[in-house]
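Chain and residue survey
Here is how the chains run, residue by residue.
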Amino acid sequence: MKITSDFLVIGTGIAGLSYALKVADQGTVCLVTKRDIDISATQLAQGGIAAVSALDDSFFSHAEDTMVAGGHLSNPEIVEMVVQAGPQAIKDLIDWGVKFSKNPENEYDLTREGGHSHRRILHAKDATGREIERALVAAAVDHPNINLYQHHIAVDLITESKVCQQQLENNSCLGAYILDIKNNEVIAFGARFTVLATGGAGKVYLYTCNPDIATGDGVAIGWRAGAAVANMEFMQFHPTTLYHPNAKSFLISEAVRGEGAILRRSDGYAFMPGHHQLKDLAPRDIVARAIDSEMKLHGDDCAFLDITHKDADYIRERFPTIYQTCLEYGIDMTREPIPVVPAAHYLCGGLQTDDNGETCIRNLFAIGEVASTGLHGANRLASNSLLEGVVFAERAAERSLARMQETQPSYPTIAPWDSGSATDSDEEVVVAHNWDEIRRSMWNYVGIVRSNKRLYRAMSRIKLIQQEIHEYYWNFHITSDLIELRNIATVAELIVQSALSRHESRGLHYTIDYPQTDDKFQRDTVIPGAKLPES
Ligand code: SIN
């Protein structure tokens, strides 16, 4: 089966939906998501979206905070461009129907998070992403030009190189093969422009506050098609996720610390002043490492986040989702500190793009967490990611619409999917076992504190698993579990390869073998896309 459209958008978080809404008046859009439309990392974002609006704030200050948090690895021109586009991005969201929280004076309420020198984060109480997703989904499903394909997962991209089986200098994207999960059929989606907005890869790690869908699909399929990736070693660990056997790493927003919460050890000692001058509002990499080292030093299972000194009514009103969720696990945050541990949260690297979100493959865009645009550098500043999603959706949309004007309308010719002589698998356990092994190895050997020895250990295991997956992939019918396993294995390998090549500590990459920052490494870690036989 084949389906064609002007725009193929894979992923329905803030970036994918914003792009779809920006282009839909000018052409047909196929909007593809592997679960229900509102299952995305955006949906779970609590803290908010950073943009300069207070009179005492400035673009300069937002840019400076972004550069400092990013270990001065961010691209200053991209940083400048994104922070300046902030107010318009907020206006777009409000026009699409997003309702941000207001203060008693009826102005937008601004909160603070780690690394920000000003209050500049707009939020919808403590469920900002849920409100954004609600509004954007409502706008997208109402649009007559947007055709929605839920429960469809991308298998691989279709490129010119792949079609003619030649490594082309100027490769371009023609669409993607996508598995209709419910009907078990691979459909060839042809499109003039393909947009990967598939989000992050937290599921590469054993503990993550990401949704189950975060399996690095876009990074893996983009890289396999020949697109370069950058800065994959910079996986951000959120310092505070709920420590409870049944809580599945529920996020406790950094805004809780922004509103005054203090991190303590089990003996009550407030340890952050000993680690950084910004204390509990230090950038995330520093807070996560501080918690990790305090836990190891004192043999504690977790740290404790204490906001009990604040008025109980205020806490319930400002953080209703966190309050309610903690209560369900028997913790009343108005009266007792919340047990917390770090967990994998945000991939700062990804498919390398230009300032319009386009990868090195023509007509293939990557926007949102899947991309490495140059904004985050070695460590993302809190609440900059929702902003990046909207700003790059706008730029990618402008770029594709402009190119559409320049070229004759013609839809790419693509072949249907060929499943060859594949048969049904008789050993599904292989998928579950390999999935678990990758996630454990990544957590144990490629976590908050790294070493060469641990990284090599992880690499040798991942290589073995890759061989098994390869064999499995070519011999058996594909399933969504197998596609996701293949993707997390690819992403894990790219993370380890990048980490091994950075012989310094910077931002989120901390290694005991090279504990200092080294100017020689003030550059992106770029891995060129795979050559043809990979896919
Ligand atoms: C949080 O609410 O702490 C997460 C915000 C972010 O990751 O930007």
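A quick note: this is a predicted structure, and the numbers were derived from the prediction, not measured.

1. Looking at the overall build of the protein chain
Within the protein chain, the regular secondary structure consists of 15 helices and 18 strands. Computed over the C-alpha atoms, the radius of gyration of the protein chain is 22 Å, within 12% of the 24 Å expected from 2.2 N^0.38 for a compact globule of 535 residues. For the protein chain, the spread of C-alpha atoms along the principal axes amounts to about 65 × 50 × 45 Å. Relative to its 535 residues, the protein chain shows a buried fraction of 62%. When contacts within the protein chain are restricted to residue pairs at least 6 apart in sequence, those whose partners lie at least 24 apart make up 74%. Looking at the protein chain as shown, the accessible area adds up to about 21,000 Å², and 49% of this sits on carbon and sulfur atoms.

2. A short note on the site of the ligand
Around the ligand, the surrounding shell consists of Gln46, Gly47, Glu113, His238, Leu251, Ser253, Glu254, Arg284, His345, Arg380, Ala382 and Ser383. Taking serine 253, its side chain carries an N or O atom lying 2.7 Å from an oxygen atom of the ligand. Burial of the ligand by the surrounding chains reaches 94%, relative to a free accessible area of 260 Å². Partitioned by chemical class, the residues of the shell around the ligand number two nonpolar, six polar and four charged.

3. Focus on the packing of aromatic side chains
A complete count under the given rule lists eleven aromatic pairs for this structure. Between tyrosine 149 and phenylalanine 189 the ring centres are 5.1 Å apart and the planes differ by 85 degrees, which places this aromatic pair in the edge-to-face class. Of this pair, tyrosine 149 sits in strand 6 (residues 146-149) while phenylalanine 189 sits in strand 9 (residues 185-196), and the two are 40 residues apart along the sequence. The burial state of tyrosine 149 is the same as that of phenylalanine 189; both residues are buried.

4. Some points on helix 7 (residues 217-224)
Burial runs high along helix 7: eight of the eight residues are buried. Every buried residue belonging to helix 7 is among Asp217, Gly218, Val219, Ala220, Ile221, Gly222, Trp223 and Arg224, and all of these are buried. Within two residues after helix 7, glycine 226 carries a phi angle of roughly 115 degrees, on the positive side.

5. Examining the pattern of salt bridges
Two side chains that carry opposite charge are able to pair once their charged atoms sit near each other. Following the criterion strictly, the structure yields 33 salt bridges and no others. Residues aspartate 267 and arginine 265 are paired through a salt bridge, measuring 3.0 Å at the closest nitrogen-oxygen approach. According to the relative accessible area criterion, aspartate 267 is exposed, its value standing at 53%. Arginine 265 sits in the buried class, given a relative accessible area of 15%.

6. Examining the nonpolar core
Judged by nonpolar contacts, the single largest core of 78 residues is most densely connected at Leu8, Phe189, Val204, Tyr205, Met442, Val446 and Val496. Here this core takes twelve residues from helix 15 (residues 480-501), the largest share from any one element. Filtering out sequence-adjacent residues up to four positions away, valine 496 remains in contact with Met442, Val446, Leu455, Ala458, Met459 and Ile462. Of all hydrophobic cores here, the second largest spans 51 residues; its members include Ile49, Ala51, Val98 and Ala135.

7. Observations regarding the side chain of serine 372
Considering the arrangement of structural elements, one finds serine 372 in strand 17 (residues 371-372). Assessed through its relative accessible area of 7%, serine 372 is described here as buried.

8. Regarding the side chain of serine 498
Note on placement: serine 498 falls in helix 15. The class of serine 498 is buried, set by a relative accessible area of 1%. A polar side-chain atom of serine 498 sits 2.7 Å from the main-chain carbonyl oxygen of leucine 494. Beyond its immediate chain neighbours, meaning those up to four positions away, serine 498 contacts Met232, Glu233, Thr525 and Ile527.

9. So, the pairing of strand 9
Strand 9 sits mainly inside the fold: eleven of its twelve residues count as buried. Where strand 1 (residues 2-10) meets strand 9, eight bridges bridge the pair, whose relative direction is parallel. Paired with isoleucine 10 across the bridge in strand 9 is leucine 196. Two strands pair when backbone bridges link them, and strand 8 (residues 173-180) and strand 9 are joined in this way by six bridges, in the antiparallel orientation. Looking across to strand 9, one finds that aspartate 180 is bridged to glutamate 185. With antiparallel pairing between neighbouring strands as the criterion, strand 8 and strand 9 make up a hairpin whose turn holds four residues, including asparagine 184 at a positive phi of roughly 55 degrees.

10. A few points about the pairing of strand 14 (residues 338-347)
Looking along a regular strand, one sees the side chains alternate between the two faces of the sheet. Counting buried positions along strand 14 gives ten out of ten residues, so the element sits mostly inside the fold. With six bridges connecting them, strand 11 (residues 235-242) and strand 14 associate as antiparallel partners. Directly across from methionine 235, in strand 14, lies its bridge partner leucine 347. As defined by bridge partners, strand 13 (residues 303-306) adjoins strand 14 across three bridges and the pair is classed as antiparallel. Bridge pairing in strand 14 places phenylalanine 304 opposite proline 339.

11. Here we look at the sheet that holds strand 3 (residues 49-50)
Paired through their backbone hydrogen bonds, the strands of a sheet run either parallel or antiparallel. Taken together, three strands build an open sheet; the order of strands is 3-5-4 and the sheet is antiparallel. Both edges of this open sheet fall to strand 3 and strand 4 (110-111), since each of them pairs with a single strand only. As paired strands, strand 4 and strand 5 (residues 121-122) are joined by two bridges and run antiparallel to one another. Bridge assignment links leucine 110 to a residue of strand 5, and that residue is leucine 122.

What counts, and at which threshold
- Residues numbered from 1 in each chain as written.
- Predicted model: local features only at pLDDT ≥ 70, side-chain atom pairs only at ≥ 80, totals over all residues.
- Heavy atoms only, no water.
- Helix = DSSP H or I, 4+ residues; strand = E, 2+ residues; numbered from the N terminus.
- Rg over C-alpha atoms; globule rule 2.2 N^0.38 Å.
- Buried < 20%, exposed > 50% of the residue type's maximum accessible area, 1.4 Å probe, protein only.
- Contact = heavy atoms within 4.5 Å.
- Areas by Shrake-Rupley, 256 points an atom, 1.4 Å probe, with all protein chains shown as cover.
- Near = heavy atom within 4 Å.
- Polar contact = N/O pair within 3.5 Å; in protein donor to acceptor, adjacent residues only side chain to side chain.
- Nonpolar A, V, L, I, M, F, W, Y, C, P; charged D, E, K, R; others polar.
- Phe/Tyr/Trp six-rings, centres within 6.5 Å; stacked < 30°, edge-to-face > 60°.
- Salt bridge = Lys/Arg side-chain N within 4 Å of Asp/Glu carboxyl O.
- Core = buried A, V, L, I, M, F, W, Y, C linked by side-chain atoms within 4.5 Å.
- Pairing = 2+ DSSP bridges.

That's the geometry; what it means functionally is another story.
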